[in-house]
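Inside the fold
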Amino acid sequence: MAQPVSGNAAPAWRQFPFFDVVPVKDIHDLASPPEVFQKTPEISMITPSSAGLIVADIHGSVYLVNRDFEIAKSWVAHTGGRVTHMAERKGILITLGEEDTARHPFLKVWDLQVFDKKTGAPLLLRSAKVQSGNRPHPVSVMALSASLSYLAIGLGDGTVILYRHLDQSIYSTSGSLSTLPKPRVIHESPTEPITGLGFREPTEDSPNVYLFIVTTNRVLSYQASGKGSGGTPTVVDEIGAGLGCATMDWKAREVVVARDEALYLCGTDSRGSCYAYEGPKSSIYTHRNYIVIVSPPFTPSASAASATVRNFVAKNNAPTGSDITKLTVFDPENQYVAHSGTFTEGVREVFSAWGKLYVLSNDGKLLCLEEKPTSVKLEMLYRKGLYTLALNIAETQKLDETHIADIHKQYGDQLYAKGDYDNAMQQYIQTIRHVQPSYVIRKFLDAQRIHNLVTYLQELHSLGLANADHTTLLLNTYTKLKDVSRLDSFIKRESLRTSADGDKDELPFDLDTAIRVCRQAGYFEHASYLAKKYERHEDYLRIQIEDAGNYKDALKYLRRLGAEAAESNLARYGRAMLENLPEETTDLLIDICTSLAPLSIDADESDSAVPVKQTSGGPSYLSYLALNRASIASAPSASESAPATGAQANGSKAPDTPSRQHSIHDTTPPPSTPTTAHPSKTRMPIVKRPSPRLYSAHFVDHPHHFVRFLETVARKRWGQTLENASEPLPIEADPNADEQAEQRDQAAVWNTLFELYLSQPQGTDSGADSNSKALAVLQNTRLPYDPTHALILCSTRGFTPGLVLLWERMGMQEDVVRFFMDRHQDGDVDASAEVVRRLDQYGPQRPQLYPLVLRFLTSTPALLTKHREDVRRVLGVIDEQKIMPPVSVVQVLSRNSVASVGLVKEWLMARIKSAREEVETDQKLISSYRVDTEAKLQQVQELSDPDRPRVFHVTQCSACQGGLDLPAVHFMCNHSYHQRCLPQNETECPNCAREHGIIREIRRNNERLADQHDLFLSEVREGGFDALATGFSRGILNLSRADDLAT
């Protein structure tokens, strides 16, 4: 900090040997200084430049010196005169000098990048006189802006002239050598010579160029560019300086004015900092961040205030009356003296070149002040315990964060060793990101220093550098200290980690660890606050159900989550919720599976939600990961909005129930969890409904609630009920539903319902009602249950009405009949009558049931006695419909001694008589076939006899039915045709050709089938004798066929 000048004694600045003095020798003669400085009294000006060091003498010559201080170039800049001032920017050198041929000073502009090969002089761009008025005045100071745009010259009579746009004039190819912008007089003070000029370069904060003007009595500021430029210079300070005691600081922002009592820094508006440094000053310079102060010659004394002077007197035996010059290198920012030395021969010039500070004495000796490395300087400060100054120097030297953190670490170690734990922790906090946290944490694990440890851990979390172990340790310290206020403040923190796009999207602590530690410590309110705020639904429910036992609040939370988020959480806690709140949980599951709109919240809950202001304006961590953002965002009112939402703007706290277990600690509860208030919307978005099968496992121990759940879902979701067998009830359809998935769900629901109906205990009113419902399910053809599944259930549960109904619907009438036969075997006396009734019901469509029932009725004497008339009726139907041959009937009746001959006497006699009549009819038919066969054979024989003539008596053409005339064609089949009625070359009777073709095709097919033995065997298995007879008719079994195959 700057020290104001006061009447008190000036502060004694700390002094350090941060510079080493090294003599500079000539590269060719190590015993002598560089050649260019051997005539030091003749040197008039030294200026560092981008091309090298520029030295001018009183004879008008200019020398360009390299790093080895060898003369690289030299030329005469001002003939017959001397060089008084020089300035270089961007390779352009401007010299001011006096020449014998002119009364006024000459200004010359040289291009140091272009040299004449013959003369060795750089290219002269401009040469003009500097004239202000008729009377010549010497030039006292000169200043050149960094951009070459402005050149200011101060004269001994207090006049300041300014050249604008100098760079444009220099680089312009038009114009003569003497063409320069017209100078403008911007300041005149006849009684105050100009002692200093300097340009303040533009910055982002101040884009204008300013010119500082220093006189012997004042410091002024002149705006050279920008809006408002060109006015009168404004007075900045009423303190001036002598010639050479004003210079720009190393950042070119302020002008440094040296007075005997202090150093003053002046800005464009007012005086800035000042540093008390008493003593006469002949000149000041800048080197990096240092200010170099040169005192005028004075006589040293052992009682001098300066330790440097006292040491000089003690070490040197100089003659009395000899003068010395003191040179001081001062760091104003850090307020210490980096070097202080004395020169017995005086100081001729001080310049900064190639990153080093050089001092030229009047006797021609050149000394280089080499700054020690920063590490060496820091070690010196470490040994003296000056860590604050070390930090300031590190920042000034622009050291990286790692080195600065190392200084903080060593400073912290020193303070820790002294027992100053609070300040030590402040230093350790500065080492975060560079020193392992475990190094610091181990030092403060003691119970007496746990408060400092909390401070460090909090800072780790605020910077987003804490891991799960750090979070665990911090929360454990809170809980051990029972510091509820800090715990509240910690868990309420919004995100502090910044992502690449600039959004704060991460928590400063590990959320899982925080929730776990709060649960373990018994702070259930805080754990639930974190879980609810950051949408850790599973953690919140685990806390409410497993720890706090607050099932009602958990149920409300599940309702707020919506279908998607509640689905996964109910998979774990659905059974526990049904155990404690069966009715409410069942209603929630019904709403989830049937509602297309977001779930509504009870009125008492919405009324209890009191909005509170959120502590931070940004969105909280994980708020963008809402599992059911769309459904929650469309909640019917702001107070009913769910916690699983996006940016959180409001907060609400769910009401506590009397049964709630808050925490094992008597602490103030954390703030309510923020929720989001959304404006009401005219159109609700459609929510995807989950399958009701997902929640079936939860109802294992709650069959009655399971029945209500499934019945309600079927009614509200698909409009299906037991009573409505015609058409489904009107419902709101889901346009995005998967039809196949919906059909599978419907079948699963009704299959489960049917099983639940059959699972009710029998012998009670509820059991009878359930059986009636089960039968109603089977009777309602519109219900999409699985018949096979229902059949298995009816069989395993012994539900006879359902079995019979399903068998009938599946066409399994024989199974129905056999079922009642088995019932009779089991002792059911009414089962036989049911068999007969079922036969009368199914017999017309199922004739095969009559042999089965006949066998059953004649199985025991009791059945036969009870159903004698039924047996006769069955035999009549069998005989009438020819269901069984008589032999089979006799075999059935004669298998045991139950049925007597008298029972079937009349039926047998009728069957025998009918059989005889059929035999006689068949014999007559056989006889007619034989007569026809003999006639055909006779006809074939006659046709085959060549000696027997054939007489044709046909008189009508078989084709045109006209009278037959010659020429005519007669065929052996007794068909005759006109020759014109037959196609040409026709050799077969057209009328018989079609019949013969069919017969030939049949024979070819029969011959083809004769080789397919597998087909013939399968027909025999199925048809028996009929298949054999058919084979004979086809000629498959003819002997001639076998002979052909043998040959």
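Computed from a predicted structure; not experimentally measured.

1. With respect to the packing of aromatic side chains
Counted under the stated rule, the structure contains 30 aromatic pairs. Relative to Tyr358, the ring of Phe351 lies with its centre 5.3 Å away and its plane at 15°, an arrangement referred to as stacked. An identical accessibility class is assigned to Phe351 and Tyr358; each is buried. Seen from their ring centres, Tyr416 and Phe444 are 5.5 Å apart, and the 75° between their planes marks the pair as edge-to-face.

2. Overview of the pairing of strand β21 (residues 262–266)
Most of β21 is tucked away, with five of its five residues classed as buried. Residues Ala262, Tyr264 and Cys266 point to one face of β21 and Leu263 and Leu265 to the other, with burial holding for every one of them. As defined by bridge partners, strand β20 (residues 255–258) adjoins β21 across four bridges and the pair is classed as antiparallel. Paired with Val256 across the strands is Leu265, a residue of β21. Hairpin connection between β20 and β21: a loop of three residues separates the two successive antiparallel strands. Sheet topology note: the β21/strand β22 (residues 271–276) ladder contains four bridges and is antiparallel. The partner of Ala262 across the bridge, within β22, is Ala276. The turn joining β21 and β22, which pair antiparallel and follow one another in sequence, is formed by four residues.

3. Focus: the environment of Leu124
For Leu124, the location among the structural elements is in strand β10 (residues 122–129). The exposure class of Leu124 is partly exposed, given its relative accessible area of 26%. Each C-alpha atom, one on Leu124 and one on Asp111, is 6.4 Å from the other, the two residues being 13 residues apart in sequence. Among residues more than four places away in sequence, those in contact with Leu124 are Lys108, Val109, Trp110 and Leu177.

4. Concerning the packing of helix α27 (residues 868–881) against helix α29 (residues 901–944)
Packed helices, taken two at a time, are described by the angle their axes make and the gap between the axes. Running from N to C, α27 and α29 cross one another at 10°; their axes reach a closest spacing of 10 Å. Taken together, the axes of α27 and α29 are roughly parallel relative to one another. Between α27, through Arg868, Val871, Arg872, Leu875 and Asp879, and α29, the contact on the second element is made entirely by Leu903, Val904, Trp907 and Arg911. Residues belonging to the contact of α27 with α29 are distributed by class as follows: five nonpolar, no polar and four charged.

5. What to know about a negative patch on the surface
On the surface, a cluster of negative charge is contributed by Glu917, Glu918, Glu920 and Asp922. By the secondary structure assignment, Asp922 is in helix α29.

6. A few points about the sheet that holds strand β24 (residues 290–294)
Pairing is mixed in the open sheet, where five strands are placed in the order β1-β26-β25-β24-β23. Strands at the two margins of the open sheet, each flanked by one partner only, are β1 (14–15) and β23 (283–287). Where β1 and strand β26 (residues 336–343) come together, two bridges link them in parallel fashion. In the sheet register, Arg14 faces β26, and the bridge partner there is Tyr336.

Calculation criteria
Residues numbered from 1 in each chain as written. Predicted model: local features only at pLDDT ≥ 70, side-chain atom pairs only at ≥ 80, totals over all residues. Heavy atoms only, no water. Phe/Tyr/Trp six-rings, centres within 6.5 Å; stacked < 30°, edge-to-face > 60°. Buried < 20%, exposed > 50% of the residue type's maximum accessible area, 1.4 Å probe, protein only. Helix = DSSP H or I, 4+ residues; strand = E, 2+ residues; numbered from the N terminus. Pairing = 2+ DSSP bridges. Contact = heavy atoms within 4.5 Å. Axes fitted to C-alpha atoms, helices over the stretch in contact; angles between N-to-C directions. Parallel < 35°, antiparallel > 145°, perpendicular 65-115°, else oblique. Nonpolar A, V, L, I, M, F, W, Y, C, P; charged D, E, K, R; others polar. Patch = residues over 30% accessible without salt bridge, like charges linked within 9 Å, V, L, I, M, F, W, Y side chains within 5 Å. Areas by Shrake-Rupley, 256 points an atom, 1.4 Å probe, with all protein chains shown as cover. Salt bridge = Lys/Arg side-chain N within 4 Å of Asp/Glu carboxyl O. Lys, Arg positive; Asp, Glu negative; His and termini not counted. Charge placed at Lys NZ, Arg CZ, Asp CG, Glu CD.

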